[in-house]
Amino acid sequence: MVKGLLRLLALAAATSTTVSSGQTLVVNGINDYAAPGFVTAISATADMLTSASRGSDIDLIPLTVMVDSSSQFTTDVFGHFTHRVRTKLSMPARAYTSSIQSQGYNFTGWRTAVPAGSYFIFSSTGEGLKPNTDGSYSILSAAIPGAQNLTIGVPSKLYYTKTAGKPLAGIRVGIKDIYDIAGIKTSCGNRAYYNLYPPRTVTGTAVQRLIDAGAIIIGKMKTSQFANGETATADWDPSTSSSGPGAGIGAYDWLDIRLGSDTGGSIRGPPEVNGCFGNRPSHGLVPLDHVMPLSPNLDTAGFRTRDPYLWHEAAKALSLTSITDNGADAILVDFLSKLQTFLGAPTPTPINLSALWSANAPAAGGGASLSTYLGIVYPVLISQQQYSLFTLPFCADYAAAHQGRRPFIDPVPLIRWAFGQNNISADASVQALQNKTVFMDWFASKVVLPSEETCSDSVLIYVGSDGSPNYRNEYFSAPGPPTGFGLSRVSPLSEVPDFVFPIGQAAYNSTITLKEEYLLVAIDIIAAKGCDEALTMAGILKILKTGSVMY
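Residues numbered from 1 in each chain as written. Predicted model: local features only at pLDDT ≥ 70, side-chain atom pairs only at ≥ 80, totals over all residues. Heavy atoms only, no water.

1. Some details on the pattern of salt bridges
Evaluation of the coordinates by the stated rule reveals six salt bridges. A salt bridge links Asp-180 to Arg-200, with the nearest nitrogen and oxygen atoms 3.0 Å apart. With Asp-180 in the loop between strand E8 (172-176) and helix H4 (191-196) and Arg-200 in the loop between H4 and helix H5 (205-212), the pair connects residues that are 20 residues apart, well separated along the chain. Just as Asp-180 is buried, Arg-200 falls in that class too. Of the charged contacts in the structure, one is a salt bridge between Lys-529 and Glu-495, with a shortest N-O distance of 2.6 Å. Placement of the pair is Lys-529 in the segment after strand E17 (516-526) and Glu-495 in the loop between helix H15 (490-494) and strand E16 (498-509), with a sequence separation of 34 residues. When its relative accessible area of 43% is taken as the criterion, Lys-529 is described as partly exposed. Taken together, the shared-partner salt bridges connect Lys-436, Glu-495 and Lys-529 into one network. (Salt bridge = Lys/Arg side-chain N within 4 Å of Asp/Glu carboxyl O. Helix = DSSP H or I, 4+ residues; strand = E, 2+ residues; numbered from the N terminus. Buried < 20%, exposed > 50% of the residue type's maximum accessible area, 1.4 Å probe, protein only.)

2. A look at the sheet that holds E17
Pairing is mixed across the open sheet formed by eight strands, whose spatial order is E9-E8-E10-E12-E11-E16-E17-E15. Looking at which strands have only one partner, the edges of the open sheet turn out to be strand E9 (216-221) and strand E15 (460-466). Between one strand axis and the next, the sheet turns by 25° as a mean value, whatever way the strands run. Relative to the sheet, H5 contacts E8, E9, strand E10 (257-262) and strand E12 (300-305), its axis offset from that of E10 by approximately 160°. Here helix H8 (residues 308-319) sits on the sheet in contact with E10, strand E11 (277-280), E12 and E16, set at roughly 155° to E12. (Pairing = 2+ DSSP bridges. Axes fitted to C-alpha atoms, helices over the stretch in contact; angles between N-to-C directions. Contact = heavy atoms within 4.5 Å.)

3. Section: the confidence of the model for the chain
For the chain, per-residue confidence averages 74 on the pLDDT scale, and 62% of positions sit at 70 or higher. Below a pLDDT of 50 lies the segment residues 81-101, which in the model reaches 34 contacts outside its immediate sequence neighbourhood of four places, other chains included. Throughout residues 534-540 the model reports pLDDT below 50, and contacts reaching past four residues in sequence, or to other chains, amount to 21 contacts. (pLDDT = per-residue confidence, 0-100.)

4. Considering the pairing of E10
The buried fraction of E10 is high, at six of six residues. Across the two faces of E10 the burial is the same, with Ile-257, Leu-259 and Ser-261 and Arg-258, Gly-260 and Asp-262 all buried. Relative to E10, E8 runs parallel, the two being bridged by three bridges. Each residue of the ladder has a partner; that of Ile-175, found in E10, is Leu-259. The sheet contact formed by E10 and E12 spans six bridges and is antiparallel. Bridge pairing in E12 links Leu-259 to Phe-303.

5. Quick look at the packing of aromatic side chains
Inspection of every chain in the model, using the stated rule, returns 16 aromatic pairs. Seen from their ring centres, Phe-439 and Phe-443 are 6.0 Å apart, and the 40° between their planes marks the pair as tilted. Of the two residues, Phe-439 and Phe-443 are both situated in helix H14 (residues 428-446); the distance of four residues between them amounts to about one turn of the helix. Phe-439 gets classed as buried once you look at its relative accessible area, which sits at 0%. Phe-443 gets classed as buried once you look at its relative accessible area, which sits at 1%. One aromatic cluster in this structure is built from Tyr-193, Tyr-197, Phe-226, Phe-390, Phe-394, Tyr-398 and Trp-417. For Arg-489, the ring lying beneath its charged end belongs to Tyr-378, and the centroid distance is 3.8 Å. (Phe/Tyr/Trp six-rings, centres within 6.5 Å; stacked < 30°, edge-to-face > 60°. Lys NZ or Arg CZ within 6 Å of the ring centre and 35° of its normal.)

As structure tokens, then:
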């Protein structure tokens with residue numbers, strides 16, 4: 001009997017160098033995506049295919065691969081199982097094939113082993129499709145009936161087993177759309193930029209480290225234009241440059257981690273309202289090659305996740321050996337009393353940074369108050385550095401491709417760039433960097449000091465979110481440069497890590513729903529530079545839920 005060559009397709013997101021982007025199928029009422037590439041080839045008789053397809057005219061036949069390591073899966077058990085599931089097309093492990101075939105059963109055989117999980121058998125004749133083998137990615141096209149917007153194909157975790165070398169195996173990650181991924185375009189939140197440039201040819205180091213650790217990249221996540229933070233109003237939705245990733249990790253339980261960036265607060269702001277853990281790591285801890293710059297002196301990479309244990313593992317994978325597991329520099333919190341007990345710390349001391357600066361100001365400060373000395377450092381750096389490093393080459397490339405035209409850009413980045421070019425001197429960033437350095441040295445010597453024994457001899461805690469509502473159906477004044485100084489600026493300007501910890505939720509009476517709703521209460525913890533290890537402890541940190549309530 002002639003045997004047909006079949007292709008076994010995984011339900012995970014795969015990539016392809018061909019035009020095909022896979023198929024979406026409904027199996028027992030569940031939408032599944034069959035990737036265009038095959039994971040192995042098997043052989044089967046025509047009778048087997050007819051039996052498996054139950055006489056229907058289909059090209060893709062569902063198949064489940066199981067692993068039995070107990071050595072108790074006997075012929076009798078197998079026969080009983082196949083009778084119960086009413087199928088004649090099965091794939092036993094190689095060790096059972098000869099003994100079962102000797103008793104009159106006909107079975108398929110595979111060329112290469114595959115992980116346990118759900119697959120489709122592709123029964124069409126001809127050459128099979130091949131997934132990318134060069135490390136690049138392709139757009140995954142997945143659609144389901146009734147969906148008015150784009151849908152996301154989420155790979156099954158059945159195919160992945162965590163190991164020491166792959167601690168993030170099967171973990172689903174969303175990437176803020178300022179990171180380059182080979183084979184995929186980068187938009188930086190701007191349609192003109194997306195249409196102008198071809199797909200990237202290199203994956204950024206930060207993203208590649210997650211891939212190397214076994215993480216599965218689900219897709220790109222929206223950012224406000226060129227990562228310039230905004231405020232949501234009645235007519236405008238974006239809020240902070242990481243609004244898309246923040247909303248995604250707070251809403252989708254199938255998304256485990258999102259990789260974002262923090263220049264002035266984009267890693268820390270959304271967790272304080274979306275109910276997740278986030279951290280701005282020590283500056284320079286993670287390489288930012290092939291990432292859109294806002295200010296290289298302030299930009300950092302960081303995570304958001306609902307699971308503090310996963311946060312810990314992902315941080316180690318992203319930073320490689322830069323994070324140590326000595327336990328002495330653990331920074332944990334649920335409530336202040338638990339934190340104090342866990343750290344064995346003395347009674348907390350209230351601190352006023354402005355007053356401390358005035359009492360112990362460095363000579364380089366020239367007698368200026370803290371708010372005056374640092375008030376325009378952040379807007380100067382982001383406006384002038386992004387304009388020279390990113391805006392000018394982008395506008396030049398766009399003009400060359402569109403007969404001298406300028407691209408459409410949202411008001412917020414335009415206003416900031418104009419501030420950097422028209423309202424301050426051309427070398428203002430030089431003085432801003434000097435002020436930043438003076439503050440960084442002062443903070444490390446007077447506020448949170450490094451320690452050889454504990455890494456950080458103290459931690460600075462401040463309220464990130466107090467549960468107060470911030471309605472979006474209101475109009476605000478026109479946007480302007482983000483001047484001023486507050487506690488959220490300490491981490492960017494002093495290069496120290498800042499961790500966001502949700503500690504509860506507070507009730508309020510909503511003027512929108514006219515019902516009692518809940519808002520997040522969160523605190524931030526700042527440690528000395530390099531003390532980025534965030535160990536977890538049972539009873540202190542809890543895994544959070546998606547949706548409108550955390551617990």
